[in-house]
Amino acid sequence: MMNCSPPSGSLLRMEHISKRFGATCALDDVDFDLRKGEVHALIGENGAGKSTLVKILSGAVAADQGSISLEGYSFKSSNPLASRKQGIAMIYQELNLAPHLSVEENIMLGREIQRLGFVKRKTMQEAVEKALELVHHPEIKSHIPVKKLSVGAKQIVEIARALVGKAKVLIMDEPTSSLTQEDTLRLFQVIRQLKNQGVSIIYISHFLEEVQKVADRFTVLRDGKKIHTGRMEEISVDDLIQMMVGQKFVEMFPRIDHEIGEVVLQLKGLKGKRMATKVDLALRRGEILGVAGLIGAGRTETLRTVFGLDSIEKGTIVVGTIETDKGAPWIRIGQSVGLLSEDRQEEGMALSLSVADNLTLSRFSPYKKWGLLRLKKRREAVEFRLKQAKIKAQDPEQPVFGLSGGNQQKVALARLLHQEADILLLDEPTRGIDVMSKSQIYEWMGKLVQQGKAIIFVSSYLPELLGVCDKIAVFHRGNLIDIRPVPDWDTQSIMTVATLGRIPNENQVENSDRQGKDER
Amino acid sequence: MKTRSKILIAKEKMKDKSRVQMLLNWLGPFLGLILVLIIFSSIPEVQDRFLRISNLKSVATQSVIVALGALGMTFVIISGGIDLSAASNIALASVITAFAINAGFSPVLALFFGVLTGGMVGMVNGALITSLRLVPFIVTLGMLGIARGVAKWIAGNQKIDAPLTWVNELMAKSPRPSWLLMAPGVWIMILFAVAMAVILRYSVFGRHVFAIGSNEATARLCGIRISRTKILVYTIAGLFCGLSGVMEFSRLTVGDPTVAVGLELDIIAAVVIGGGSLSGGAGSILGSMIGVFIMAFLRNGCTMMGWPNYIQEIIIGAIIVAAVALDQIRHRQAL
């Protein structure tokens, strides 16, 4: 309370914040300020200190040094509940809702208005309605169970929950990473409304274009230090990236020459258990085929059917020269097909197993002798792979949950390489990882196709699709609408197809949603 | 140059630290057992009897039945499953063995039938779990009743007497060729424990079991044939229950369909005390065996003290909770 008077409009001030975890310095003398009613983007690579900074605010982590003031009063928080009570609420990346309870019950969870132990339903309902009105979303009705809502709607419920708690500061960590375009736009609308109500928002995201749209100001962190704070409209995305990565020169989309050969994978009228309609597609040797579309458009489902994780209902798959209407992952792996799951935490990694196990799980054969594993030989092989892939791990036998997201993803990719897959199905391989790891993954992909492998690359991040692919296929509501070479696409036209299901610049209405089932 | 040597020193320190950690991790499960041994051997009333060789031998013999069951259960629990039908399966196998000897089959064949029965029950468990996609708890809970019922049915709801054969010497505390020192059953147990430990740690199958327990979706993604592996796991568990049933018959010299009621919980407790995680992905044969012996020595010591049965039950209950709590703390520190 010594240095009280904050500059005009400053709601929250963090000064000289430092935090160490063991030998690593997560935050080093960082200043941060948040004005009333502004959206302030926090930008940086994974491990730059963004999460630590907001965790200090949310009370999950205590700072070693520094002071925080909220509305001019010194702010101290030892746990998330204390932070919430003082008006700082975090909207988590992994949603914290009880799926079986209704929207209303979820919003009021832990702050039930009660009298003599009985909940006062009416008062509660009013509070919920008020909050829902503010974040208006057609899908959300107070009585329906949360599990019936889409991911985007669930997030809105979380925001409503924070509003009922009289939050002054909302922290959003990668709020759009699993949202459809539609839900993202809706979220931005809600954010704008919140701003008008005087709520301040700290917004963390890797999607820089989005950040540019939604944020008023930004702060870039790198290696635990604050690099710059400025107004969003005065800076370009390229400059932001430059600040994030520092002096290191990064060629975002390294182009490696590669030759395209014969067809190695073909889907003939393929329809899987969870696919909406039939899909025809061909993948050639030495080709990176991008797949764009909104989440839920059928991209993941198609990959999973090809890999045998979902059963085939109609049509066939041709792998190399073998045509089949059956599949299981172990069969596909035998045919040199590999899949990288979009869900690293739930499916891609066995988190409690060691790095070595995770890396070699899909191919033990080189180390097998009479059914037993030669662990020493495997260790050497794994150490080599870790070095080759620049994976930061202390020891091959360390459990994989100790690694950062980017390194985990590299282990998952290294598994496909170790498996010696020739056809790689990559589902959102760069989601939620830092710029350096991303660019490294692009480089790998380029090298792999140069060696004559073939890649299907599913992504929601259009610049990377346009940057690394040879061709791009666009899905809309289960239908594969169009495949074209990359030069014939741009962000605009892909988005048009993905959101409307229509090929742009063609006036005929030939392919609207309901009639789009014509056999190709 | 200086920085380089500094880095080297730091690396050495890390190694030392991880060595201490490794030693602790390795010793961890033993600590409980050592504690139990120290406690009872320092109580004057039982001191001299407790540590006598003959007592150690009898504890070892008493442990055989639970230990064999725990070998299979370790695999089941690491794979993320559970086998509640273990004890019923043991009773069934003991009845089958007695029945076969009574029916005039040679002891070798009878033993074989007993083990095979157990294996078949396990295989049915595995097949139901994978084909009906039911949780193991439900399937094996059903099998708990079914196997017990079938055992009673075959035995005509009473004990089956069988003529004495060499099978009954498997669990004899003073073995026939005296150079064996311990009952043949104890040697069988040790042999299988070593074999299963090697399989669990070093075999491809063992890795697959860990992978399925740690994250089944990942295992499927990596081409592991989940159903086949699971059926094999439950079959192995069943085979060990079968062998355990043979030992039960050997000990009792009769086939008793009402024997070993509730023993499945002892078996599960042994695995859990030994570091097995009921959510799968963690556990070891060494740990489970130590779990078996912690419980066996506790029972033995309490009996010597003349403490009533209920005291034993309370102590063992407390040990289960304490062991798992300690294990969790240990793991959290390891992070």
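Residues numbered from 1 in each chain as written. Chains lettered and ligands numbered in written order. Predicted model: local features only at pLDDT ≥ 70, side-chain atom pairs only at ≥ 80, totals over all residues. Heavy atoms only, no water.

All chains considered together, the criterion is met by 31 salt bridges over all chains. Of the charged contacts in the structure, one is a salt bridge between Asp422 of chain A and Lys453 of chain A, with a shortest N-O distance of 3.7 Å. With Asp422 of chain A in the loop between α14 (405-418) and β21 (423-427) and Lys453 of chain A in the loop between α15 (435-450) and β22 (454-458), this residue pair connects regions lying 31 residues apart in the sequence. A relative accessible area of 36% places Asp422 of chain A in the partly exposed class. Judged by relative accessible area, which is 14%, Lys453 of chain A ranks as buried. Among the ionic pairs, Glu216 of chain B bridges to Arg220 of chain B, the shortest N-O distance being 3.6 Å. In this pair, Glu216 of chain B and Arg220 of chain B both sit in helix α9 (residues 216-221), four residues apart, roughly one turn of the helix. Assessed through its relative accessible area of 29%, Glu216 of chain B is described here as partly exposed. By relative accessible area, Arg220 of chain B is classed as partly exposed at 34%. Here the residues in one salt-bridge network are Asp357, Arg378 and Glu397 of chain A together with Arg207 of chain B, joined through shared partners. (Salt bridge = Lys/Arg side-chain N within 4 Å of Asp/Glu carboxyl O. Helix = DSSP H or I, 4+ residues; strand = E, 2+ residues; numbered from the N terminus. Buried < 20%, exposed > 50% of the residue type's maximum accessible area, 1.4 Å probe, protein only.)

The next thing to look at is the packing of aromatic side chains. If you walk through the whole model with that rule in mind, you get eight aromatic pairs over all chains. Judged by centre distance (5.9 Å) and plane angle (15 degrees), the ring pair of Phe75 of chain B and Phe205 of chain B falls under stacked. Within this pair, whereas Phe75 of chain B is found in helix α3 (residues 53-78), its partner Phe205 of chain B is found in helix α8 (residues 204-214), the two being separated by 130 residues in sequence. Accessibility expressed as a relative area gives 17% for Phe205 of chain B, which makes it buried. Stacked on the ring of Trp489 of chain A, the Lys or Arg Arg484 of chain A has its end atom at 4.6 Å from the ring centre. Lying across the ring of Trp330 of chain A, Arg225 of chain B places its NZ or CZ 3.3 Å from the centre. (Phe/Tyr/Trp six-rings, centres within 6.5 Å; stacked < 30°, edge-to-face > 60°. Lys NZ or Arg CZ within 6 Å of the ring centre and 35° of its normal.)

Residue and element names in this part refer to chain A. The end-to-end C-alpha distance of helix α6 (residues 181-196), which contains 16 residues, comes to 23 Å, matching closely the 22 Å that a straight helix rising 1.5 Å per residue would cover. All of the buried residues along α6 are Asp183, Thr184, Leu187, Phe188, Val190, Ile191 and Leu194. The buried residues of α6 occupy one face: seen down the axis, they fall within an arc of 160 degrees. Buried residues in α6 make contact with β3 (39-43), α4 (121-134), α5 (151-164), β9 (169-173), β10 (200-204) and α7 (208-214). (Expected span 1.5 Å × (residues − 1). Arc of directions from axis to C-beta. Contact = heavy atoms within 4.5 Å.)

Before going further, it helps to examine the domain arrangement of chain A. Residues and elements named next belong to chain A. The assigned domain composition of chain A is domain 1 (10-245), domain 2 (250-336 + 421-520) and domain 3 (353-419). Contact residues are listed per partner, giving 14 residues for domain 2 and 12 residues for domain 3. Both sides together, the interface formed by domain 2 and domain 3 hides about 1100 Å², and carbon and sulfur atoms give 69% of it. It is Ala421, Gln440 and Trp444 in domain 2 that bury the most area against domain 3; as a group they hold 43% of the surface buried on that side. Inspection of the domain 2/domain 3 interface yields zero salt bridges. When residues of the side of domain 2 that touches domain 3 are traced back to their parent elements, those giving at least two are β21 and α15. Tallying contributions element by element places α15 first for the side of domain 2 that touches domain 3, with five residues. Its residues assigned to classes, the side of domain 2 that touches domain 3 shows nine nonpolar, three polar and two charged. (Domains from an automatic or database assignment. Buried area = accessible area lost by both parts, 1.4 Å probe. Nonpolar A, V, L, I, M, F, W, Y, C, P; charged D, E, K, R; others polar.)

Right, let's talk about the interface of chain B and chain A for a bit. Facing the 20 residues of chain B at the interface are 29 residues of chain A. Summed over both partners, the interface of chain B with chain A buries about 2000 Å², with 69% contributed by carbon and sulfur atoms. Together, Arg207, Leu221 and Cys222 of chain B form the three largest contributors to the area buried by chain B at its contact with chain A, with a combined 32%. There are one salt bridge connecting chain B and chain A. The salt bridge involving Arg207 of chain B is made with Asp357 of chain A; its shortest N-O contact spans 2.9 Å. Joining chain B to chain A, the criterion identifies eight residue pairs in polar contact (both at pLDDT 80 or more). Among the secondary structure elements, those contributing two or more residues to the side of chain B that touches chain A are α7 (184-202), α8 and α9 of chain B. (Polar contact = N/O pair within 3.5 Å; in protein donor to acceptor, adjacent residues only side chain to side chain.)

All names here are of chain A. Of note, the phi angle at Glu420 is positive, near 60 degrees, even though the residue is not glycine. Within the secondary structure, Glu420 is located in the loop between α14 and β21. Residue classification places Glu420 among the partly exposed residues on the basis of a relative accessible area of 43%. Of note, the phi angle at Arg477 is positive, near 45 degrees, even though the residue is not glycine. Inspection of the secondary structure assignment puts Arg477 in the loop between β23 (471-476) and β24 (479-485).

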